[in-house]
Amino acid sequence: MVHLALLSGNIFSSTSGVYTDLFLLAAGLFAGMINAVAGGGTFISMPVLIYAGLPSVQANASSTVALFPGSLASIYAYREDFKSFEKISLKTLIIISLTGGCIGAFLLILTPARNFDKIIPWLILLGSVTFIFGKQAGRLLQRKFTISRSSLIITQFVLGIYGGYFGGGAGIMMMAVWSVFGFTDIKLINVNKTLLVGAANSIAVVVFIISGKIWWTQTCIMLIATTIGGYAGAYYARRLNQNVLRGVIIFLIVLITVFFSYRAYK
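A contiguous nonpolar surface patch, about 690 Å² in accessible area, is contributed by Val 18, Tyr 19, Leu 22, Leu 25, Leu 29, Ile 224 and Ile 228. Of all the secondary structure elements, the ones that give two or more residues to the nonpolar patch are helix 1 (14–37) and helix 9 (216–235). Looking at the nonpolar patch, the element that brings in the most residues is helix 1, giving five residues. Note that Val 18 resides in helix 1.

So, on to helix 8 (residues 186–211). In a regular helix each residue adds 1.5 Å, so 26 residues correspond to 38 Å; helix 8 covers 37 Å between its end C-alpha atoms and thus fits that length. Phi turns positive one or two residues past the end of helix 8, at Gly 212, with a value near 75 degrees.

According to the stated counting rule, one finds four aromatic pairs in the structure shown. An angle of 75 degrees between the planes, with centres 5.8 Å apart, marks the rings of Phe 116 and Tyr 165 as edge-to-face. One end of the pair, Phe 116, is in helix 5 (residues 113–144); the other, Tyr 165, is in helix 6 (residues 149–165), with 49 residues separating them in the sequence.

The next point concerns the packing of helix 3 (residues 56–77) against helix 8. Two measures define how a pair of helices packs: the angle their axes make with one another and the distance between the axes. Contact geometry for helix 3 and helix 8: axes closest at 9 Å, N-to-C directions at 140 degrees. When the interaxial angle is binned, helix 3 and helix 8 end up oblique. Crossing of helix 3 against helix 8: the hand is left-handed. Listed contacts from helix 8 to Ala 61, Thr 64, Val 65, Phe 68, Ser 71, Ser 74 and Ile 75 of helix 3 are Thr 194, Leu 195, Gly 198, Asn 201, Ser 202, Ala 204, Val 205, Phe 208 and Ile 209. Its residues assigned to classes, the contact of helix 3 with helix 8 shows nine nonpolar, seven polar and no charged.

A few words on the environment of Thr 130. In this fold, Thr 130 is placed in helix 5. Accessibility expressed as a relative area gives 13% for Thr 130, which makes it buried. When the C-alpha atoms of Thr 130 and Gly 168 are compared, they prove to be 9.4 Å apart, with 38 residues separating the residues in sequence. Beyond its immediate stretch of four places on either side in the chain, Thr 130 contacts Gly 169, Ile 172 and Met 173.

With that out of the way, let us pick up the confidence of the model for the chain. On average, residues of the chain score 80 in pLDDT, and 80% of them are at 70 or above. The model gives residues 1–15 a pLDDT under 50, and that stretch makes 25 contacts with residues more than four places away or in other chains.

Among the nonpolar cores identified, the biggest contains 63 residues, and Met 46, Phe 85, Ile 124, Phe 166, Trp 178 and Phe 183 are the most heavily contacted of them. The biggest single contributor to this core is helix 8, with ten residues. Those residues in contact with Ile 124, other than ones at most four positions away along the chain, are Phe 43, Met 46, Phe 166, Ile 253, Ile 256, Thr 257 and Phe 260.

Looking now at the side chain of Ser 56. Following the sequence through the fold, Ser 56 ends up in helix 3. A polar contact of 2.5 Å, which involves the side chain of Ser 56, links it to the side chain of Asp 117. Not counting residues within four places of it along the chain, the set of residues in contact with Ser 56 comprises Ile 50, Ala 113, Phe 116, Asp 117 and Ile 120.

What follows deals with empty space enclosed by the protein. This model, assessed by the stated rule, comprises two cavities of 30 Å³ or more. Reported here for the largest cavity is a volume of approximately 240 Å³. Those elements that place two or more of their residues in the lining of the largest cavity are helix 1, helix 3, helix 7 (170–181) and helix 8. Among the elements that line the lining of the largest cavity, the one with the most residues is helix 3, at seven residues.

Below, the discussion takes up the environment of Ile 132. With respect to the element layout, Ile 132 can be found in helix 5. Residue classification places Ile 132 among the partly exposed residues on the basis of a relative accessible area of 22%. Spatially, the C-alpha atoms of Ile 132 and Gly 169 are 9.5 Å apart, while their sequence positions differ by 37 residues.

The next thing to look at is helix 3. Counted at 1.5 Å a residue, the expected span for helix 3 with its 22 residues is 32 Å, and the 31 Å between its end C-alpha atoms agrees. Maximum bend of helix 3: about 30 degrees, positioned at Phe 68, with proline Pro 69 one to four residues after it. Among the 22 residues that make up helix 3, 18 are buried, leaving the element largely enclosed by the rest of the structure.

Reading the values: the criteria
- Residues numbered from 1 in each chain as written.
- Predicted model: local features only at pLDDT ≥ 70, side-chain atom pairs only at ≥ 80, totals over all residues.
- Heavy atoms only, no water.
- Patch = residues over 30% accessible without salt bridge, like charges linked within 9 Å, V, L, I, M, F, W, Y side chains within 5 Å.
- Areas by Shrake-Rupley, 256 points an atom, 1.4 Å probe, with all protein chains shown as cover.
- Salt bridge = Lys/Arg side-chain N within 4 Å of Asp/Glu carboxyl O.
- Helix = DSSP H or I, 4+ residues; strand = E, 2+ residues; numbered from the N terminus.
- Expected span 1.5 Å × (residues − 1).
- Phe/Tyr/Trp six-rings, centres within 6.5 Å; stacked < 30°, edge-to-face > 60°.
- Axes fitted to C-alpha atoms, helices over the stretch in contact; angles between N-to-C directions.
- Parallel < 35°, antiparallel > 145°, perpendicular 65-115°, else oblique.
- Left-handed = near helix turned anticlockwise from the far one by under 90°.
- Contact = heavy atoms within 4.5 Å.
- Nonpolar A, V, L, I, M, F, W, Y, C, P; charged D, E, K, R; others polar.
- Buried < 20%, exposed > 50% of the residue type's maximum accessible area, 1.4 Å probe, protein only.
- pLDDT = per-residue confidence, 0-100.
- Core = buried A, V, L, I, M, F, W, Y, C linked by side-chain atoms within 4.5 Å.
- Polar contact = N/O pair within 3.5 Å; in protein donor to acceptor, adjacent residues only side chain to side chain.
- 1 Å grid on protein atoms, 1.4 Å probe; cavity = no way out; pocket = protein on both sides within 12 Å on 5 of 7 lines; lining within 4 Å.
- Points joined across faces, edges and corners; volume = space filled by probe spheres on them.
- Bend = angle between axes of the 7 residues up to and from the residue.

As structure tokens, then:
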């Protein structure tokens with residue numbers, strides 16, 4: 001079967017098409033799982049979609065759509081654990097995240113592909129640093145600063161924009177901010193992170209679909225796997241060795257950062 005890559009006209013042979021599909025399935029399964037357990041699925045899904053032939057802006061938008069069912073599956077798995085933080089309601093944070101995610105999505109579709117290619121390494125670097133050092137930074141800042149409720153709202157809004165625009169590491173950033181704000185229930189922080197990242201992504205998904213930025217063939221293949229991975233990751237989160245998983249993710253995102261830096265500035 002011959003695969004036509006939408007918008008680009010790239011033609012994959014039957015054999016390479018099968019391998020590409022299997023690669024998309026495997027990447028989607030892993031991305032959905034790590035999104036539920038540790039965050040960082042975008043670091044896997046977006047580069048693989050670029051490998052499959054998508055331009056960078058369309059790959060980022062398609063990655064968001066592909067990961068979204070996995071987020072919904074994780075949210076369903078966590079459905080009995082959500083509750084508001086002390087001093088600020090979950091409903092307020094959802095509205096803020098939705099608004100920020102909408103703005104971020106529009107910023108992405110207005111960004112020229114050539115410019116986004118140069119931005120990608122910095123976004124991945126920011127997300128990588130946050131993923132690696134986010135928890136330590138949260139504890140350090142918590143000892144030095146007292147964050148007000150209004151500061152949390154503003155920061156959550158900015159994180160919503162980031163989530164809609166790129167999303168890599170957004171969940172870890174949220175967890176670090178909430179730690180600074182003084183929230184200490186790790187289980188609640190983790191499950192609420194899943195919900196609020198999902199909120200930012202939900203509105204971004206709508207914007208990306210309406211704008212026509214989605215390559216549906218590759219996206220649909222990947223989203224089947226992310227849904228399975230997202231539910232499995234949430235279900236088995238307490239049993240997985242998160243230190244080992246984080247080590248694997250860190251190794252991969254360092255390689256990905258180097259690759260995209262070379263690709264953008266060679």
